[in-house]
Amino acid sequence: MDPFDAGAGGLLRQPRAVWATAGASVVAFMGIGLVDPILPSIAGGLNATPGQVSLLFTSYFLITAVAMLLTGFVSSRIGGRRTLLLGLAFVVVFAGLAGTSGSVGELVGFRAGWGLGNALFVSTALAVIVGAAAGGSAAAILLYESALGLGMACGPLLGALLGDASWRYPFFGTAFLMAVGFLCIAAFLKEQPKPARKTSLLDPLKALGHGGLASAAVSAFFYNYTFFTVLAFTPFVLNMSPYRSGAVFFAWGVLLAVFSVVVAPRMQRRFGSLKVLGGSLVLLAVDVLVLGYGDHTTAIVCTILSGAFIGVNNTVYTELALGVSDAPRPVASAGYNFVRWFAAAAAPYFAPRIEEWTGSLRVPFVVAAVTAVAGALVVVVRRGALTGEAKELETRHATEDSVTVFAN
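Residues numbered from 1 in each chain as written. Predicted model: local features only at pLDDT ≥ 70, side-chain atom pairs only at ≥ 80, totals over all residues. Heavy atoms only, no water.

Draft legend 1. The overall build of the protein, seen in detail. From N to C terminus, the protein includes 16 helices and zero strands. Computed over C-alpha atoms, the radius of gyration of the protein comes to 20 Å, within 12% of the 22 Å expected from 2.2 N^0.38 for 408 residues, which places it in the range of a compact globule. Seen through its C-alpha atoms, the protein measures out along the principal axes to roughly 55 × 45 × 40 Å. Each of the 408 residues in the protein was classed as buried or not, and the buried ones make up 58%. Long-range pairs, those at least 24 residues apart, make up 86% of the contacts in the protein between residues at least 6 apart in sequence. When the accessible surface of the protein is split by element, carbon and sulfur atoms take 67% of a total near 15,500 Å². Looking at charge distribution, the protein has the averaged site of its 25 positive side-chain charges lying 6 Å from that of its 19 negative ones. (Helix = DSSP H or I, 4+ residues; strand = E, 2+ residues; numbered from the N terminus. Rg over C-alpha atoms; globule rule 2.2 N^0.38 Å. Buried < 20%, exposed > 50% of the residue type's maximum accessible area, 1.4 Å probe, protein only. Contact = heavy atoms within 4.5 Å. Areas by Shrake-Rupley, 256 points an atom, 1.4 Å probe, with all protein chains shown as cover. Lys, Arg positive; Asp, Glu negative; His and termini not counted. Charge placed at Lys NZ, Arg CZ, Asp CG, Glu CD.)

In structure tokens, the structure reads:
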């Protein structure tokens, strides 16, 4: 079945609750790239170094990673709807506070609180969309990736438009939009059935004992280091005005969205998920290497082009994480995200420091290229764990999706 089919349960025919959750997810993902075009402005406004400003990403994703162990624990006790609303409330409060920061230390701290809210919301949103979407898990994952791509594209654009007046305004804008998302979730999403068994704090870690899920998580860890080197370090390399930087990352986000939602599924059907993932990781490594060694124009082109490879990778990794093990999807997602978000915290911290230690802007991108290749090597070496178990579960999920389509 084509998930884009607007007929019975296609991607475009979804309940209002799904659209409300997906819409709020767009804003949540906007928060990731929101600060990209204003990083130099923040550094100037708060008299901070690039290394200090990069901690905006590090604190955000470090808390997000640790909070992944809490999401299932919380949602299995208070329900998906209340968990979403709790996460949104955290984001509204801490995004608003971030706009009032008087020092880079305050801003980093408020971003950490923002990361906690985002973890509660994003991981639960995926489970809610998968559970409530018409068309089964394939359509749900594409809808979720659509929200991710649109959010990653619009975040830098919003950051540039509002940040041109003041670096504080994008934070206030995000708080307002998330408040709208809070109202939409409250109005349109009914309480989801609680799982029969409450999730413990250790369940996501236990799920990583599964060879296939652990392999996907480790590969995604290396990939995310590359991903967030591009996202957090490249703005300092480009050194452009908020408008120009926002335009570059908007184009990057558009490619990410198109390749994650349109191109990746077609490539997977033709070549298989693991071949597509391995090839895309190698091409991403080449791209970031050229980005580091090229001139300014080349760096812009390669930054935009990286969105295509990142979009493909995001879709394939999400499907692997949700389908390769027999753990419940929310638990598998939490364990997988717990591992990979640590790399998202590490890259913004280490990239500017590697540049300081070596005195070269190229070396951080060399490291990023190496980590992308390492991710591809994990896919090749652990192919048996990823392929055999994925095929076994593919049949089971196809049956579940058929029942879902029939029920809708």
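So much for the structure itself; the text now carries on.
Draft legend 2. Expanded view of the packing of helix α1 (residues 16–33) against helix α8 (residues 169–188). Between α1 and α8, the shortest axis-to-axis distance is 9 Å and the interhelical angle comes to 165°. On the basis of the axis angle, α1 is roughly antiparallel to α8. The handedness of the crossing between α1 and α8 is left-handed. Residue-level inspection shows R16, A17, A20, T21, A24, V27, A28 and M30 of α1 in contact with α8, the latter providing T174, L177, M178, G181, C184, I185 and F188. Split by residue class, the contact of α1 with α8 holds 11 nonpolar, three polar and one charged. (Axes fitted to C-alpha atoms, helices over the stretch in contact; angles between N-to-C directions. Parallel < 35°, antiparallel > 145°, perpendicular 65-115°, else oblique. Left-handed = near helix turned anticlockwise from the far one by under 90°. Nonpolar A, V, L, I, M, F, W, Y, C, P; charged D, E, K, R; others polar.)

Draft legend 3. Focus on the nonpolar core. Counting 126 residues, the largest nonpolar core has I42, F61, F171, F228, L231 and W252 as the members making the most contacts within it. Those residues in contact with F228 that lie beyond four places of it in its chain are I32, F61, F233, W341, A344, A347 and P348. (Core = buried A, V, L, I, M, F, W, Y, C linked by side-chain atoms within 4.5 Å.)

Draft legend 4. Looking closely at the environment of V230. Structurally, V230 is set in helix α10 (residues 211–238). V230 sits in the buried class, given a relative accessible area of 1%. Once residues lying within four places of it in the same chain are set aside, the contact partners of V230 are P235, F249, W252, V288 and S306.

Take it as geometry only, folks, not as evidence of what the structure does.
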